[in-house]
Amino acid sequence: QNPGEYLIYAALTLSDVAVELSTKTRTLKRVFDLHLNPKHPAIPAEYPYATAVDPRGRTLYVSLHDGSAVAAVDLPTGKASLIQVGRQQEFASAPSSHPGYLVASPSGDAVYVAVENSDLVSVIDNNPSSPNYRQVVANIDVRLPEMQQMKILGAGPNHLTFTPDGKILLVTLGTLNAVAVVQVSAGEGNTLRHEVKGYLPTLWYPHTTEVSADGKTIYLTSGKAKGTGTNK
């Protein structure tokens, strides 16, 4: 809108808000109230954690780490709404599903959320022409097959990134010391299919991952180890 201006969106963890900052004027432009759940009367309660702006610039998504939800902020109006993700809290002080990092698909039609305490990656429809716009349309279970069979939790998805072609979603699994490789393909109609193809071993507690521009190299950080590499 303003030549030479870029906007930065930040989650303020202890204030239950997100803010819009201008690189041109170096000022705070807007504050978005994310304290939307009437079941959480105390402030702070939601712990805004990470942000993602859809490529069309219409929606700011903010994960609420202690709120078992993602806030969808309509940027033209500044109004926010809640999208529940993962297991919901039984009472206000119960453990959250801990949604964390978010990433938009290269097409911009979906936003993916790592839901750490539920071992899921939730998929939010971001296509404005879809009847499911700004709703969860799929949940990817990133646990090992044995964990799913035994009905135990503990994969700990904490970061997401796409390969440049958008066909592979990489999910770091902090508590499994691995990266899940999820194939993304077109399903029936305008839906997407997701299949966990396998797991890449890593060092202790992989925390973030990025892919090189040519799609040939994965870069990882380890949250609890010295250096990076495989777990040989």
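Residues numbered from 1 in each chain as written. Predicted model: local features only at pLDDT ≥ 70, side-chain atom pairs only at ≥ 80, totals over all residues. Heavy atoms only, no water.

1. Observations regarding the overall build of the chain
No. 1: Secondary structure summary: the chain contains one helix and 17 strands in total.
No. 2: In terms of overall dimensions, the chain is globule-like: its C-alpha atoms have a radius of gyration of 18 Å, near the 17 Å expected for 232 residues.
No. 3: Considering only C-alpha atoms, the chain reaches an extent of 50 × 45 × 45 Å along its principal axes.
No. 4: Each of the 232 residues in the chain was classed as buried or not, and the buried ones make up 44%.
No. 5: Looking at the chain alone, contacts between residues at least 24 apart form 40% of all its contacts between residues at least 6 apart.
No. 6: Counting 19 positive and 20 negative side-chain charges, the chain places the averaged centre of each group 3 Å from the other. (Helix = DSSP H or I, 4+ residues; strand = E, 2+ residues; numbered from the N terminus. Rg over C-alpha atoms; globule rule 2.2 N^0.38 Å. Buried < 20%, exposed > 50% of the residue type's maximum accessible area, 1.4 Å probe, protein only. Contact = heavy atoms within 4.5 Å. Lys, Arg positive; Asp, Glu negative; His and termini not counted. Charge placed at Lys NZ, Arg CZ, Asp CG, Glu CD.)

2. Considerations on the side chain of E5
No. 1: Mapped onto the elements of the fold, E5 is located in the segment before β1 (7–12).
No. 2: On the basis of relative accessibility, which here comes to 16%, the residue E5 falls in the buried class.
No. 3: Among the polar contacts listed, one links the side chain of E5 to the side chain of S22, at a separation of 2.5 Å.
No. 4: Excluding anything up to four places from it in sequence, E5 contacts S22, T23, K24 and K29. (Polar contact = N/O pair within 3.5 Å; in protein donor to acceptor, adjacent residues only side chain to side chain.)

3. Quick notes on the packing of aromatic side chains
No. 1: Enumeration according to the criterion identifies two aromatic pairs in this entry.
No. 2: On the numbers, 5.3 Å between centres and 75° between planes, the contact of Y112 with F162 is edge-to-face. Pair noted here: Y112 is in strand β9 (residues 110–115) and F162 is in strand β12 (residues 157–162), with a separation of 50 residues, a long-range link. Each member of the pair, Y112 together with F162, is buried.
No. 3: The ring of Y205 is capped by K224, whose NZ or CZ atom sits 5.3 Å from the centre of that ring. (Phe/Tyr/Trp six-rings, centres within 6.5 Å; stacked < 30°, edge-to-face > 60°. Lys NZ or Arg CZ within 6 Å of the ring centre and 35° of its normal.)

4. Considering the pairing of β12
No. 1: With six of six residues buried, β12 lies mostly within the body of the structure.
No. 2: Hairpin geometry of β12 and strand β13 (residues 168–173) is characterised by an intervening segment of five residues between the two adjacent antiparallel strands and by a positive phi of about 75° at G166. (Pairing = 2+ DSSP bridges.)

5. Notes on the pairing of β9
No. 1: The element β9 is extensively covered by neighbouring structure, given that six of its six residues are classed as buried.
No. 2: Going residue by residue along β9, you find A110, Y112 and A114 tucked away on one face and V111, V113 and V115 tucked away on the opposite face as well.
No. 3: Pairing geometry for strand β8 (residues 99–104) and β9, over four bridges, is antiparallel. When the sheet's bridge partners are listed, L102 is paired in β9 with V113.
No. 4: Hairpin remark: β8 followed by β9, antiparallel, with five residues in the connecting loop; positive phi at G108, about 85°.
No. 5: If you look at the hairpin formed by β9 and strand β10 (residues 120–125), you'll find four residues sitting between the two strands, and D119 has a positive phi there, around 55°.

As far as function goes, none of this settles anything; it's purely spatial.
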